[in-house]
Amino acid sequence: MDLQFEGDELKSVLNRLRRAEGQISGVIKMIEEGRDCEDVVTQLAAASRALDRAGFAIIATGLQQCITDAQKNERNGESTEQMRARLEKLFLSLA
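Residues numbered from 1 in each chain as written. Predicted model: local features only at pLDDT ≥ 70, side-chain atom pairs only at ≥ 80, totals over all residues. Heavy atoms only, no water.

A. Spatial organisation of the overall build of the chain. The number of helices and strands found in the chain is three helices and zero strands. Moving toward the C terminus, one meets the helices and strands of the chain in the order α-α-α. Each of the 95 residues in the chain was classed as buried or not, and the buried ones make up 22%. Look at the contacts in the chain between residues 6 or more apart in sequence, and 70% of them connect residues 24 or more apart. Split by element, the accessible area of the chain, about 6,900 Å² in all, is 54% carbon and sulfur. (Helix = DSSP H or I, 4+ residues; strand = E, 2+ residues; numbered from the N terminus. Buried < 20%, exposed > 50% of the residue type's maximum accessible area, 1.4 Å probe, protein only. Contact = heavy atoms within 4.5 Å. Areas by Shrake-Rupley, 256 points an atom, 1.4 Å probe, with all protein chains shown as cover.)

Okay, here's the thing in structure tokens:
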């Protein structure tokens, strides 16, 4: 399943990933500076949420495309059940 993002979808996912990237950099800096544990964990949790949201946005886009691609994939030998199993695995990987 190849994802194809368009305009706003791409911008949204990239913004979430950049936000997470900045937050992770912040966590590293906080640890290096010996900052308070509670502050570090709070920032780490924010980075984790940003990554989760980016992942869910990617999966949501994939689902939209899978609905369209399902018939094509069946013609190419992948059953609806196989596609469902792959998507379920993707969801569980974020759990």
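This is not the end of the story, as more comes after the structure.
B. Broad picture of the environment of Leu-94. Mapped onto the secondary structure, Leu-94 falls in the segment after α3 (80-93). The exposure class of Leu-94 is partly exposed, given its relative accessible area of 25%. Residues Leu-94 and Gly-55, 39 residues apart in the sequence, show an inter-C-alpha distance of 7.2 Å. The residues touching Leu-94, leaving out its near neighbours within four places in the chain, are Asp-52, Gly-55, Phe-56 and Ile-59.

C. Inspection of the confidence of the model for the chain at higher detail. When pLDDT is averaged along the chain, the result is 81; 77% of the residues meet or exceed 70. Element-level pLDDT for the chain is lowest in α3, with a mean of 76, against a maximum mean of 89 in helix α1 (residues 7-32). (pLDDT = per-residue confidence, 0-100.)

D. Expanded view of the side chain of Gln-23. Tracing the sequence through the fold places Gln-23 in helix α1. Accessibility expressed as a relative area gives 15% for Gln-23, which makes it buried. At 3.4 Å, the side chain of Gln-23 and the backbone nitrogen of Ala-47 are in polar contact. When sequence neighbours within four positions are dropped, the list of residues in contact with Gln-23 reads Gln-43, Ala-46, Ala-47 and Ala-50. (Polar contact = N/O pair within 3.5 Å; in protein donor to acceptor, adjacent residues only side chain to side chain.)

E. Local environment of the pattern of salt bridges. With the rule as written, the count across this model stands at one salt bridge. A salt bridge links Glu-33 to Arg-35; its shortest N-O distance comes to 3.9 Å. Owing to a relative accessible area of 46%, Glu-33 belongs among the partly exposed residues under this scheme. Of the residues examined, Arg-35 reaches a relative accessible area of 42% and is grouped as partly exposed. (Salt bridge = Lys/Arg side-chain N within 4 Å of Asp/Glu carboxyl O.)

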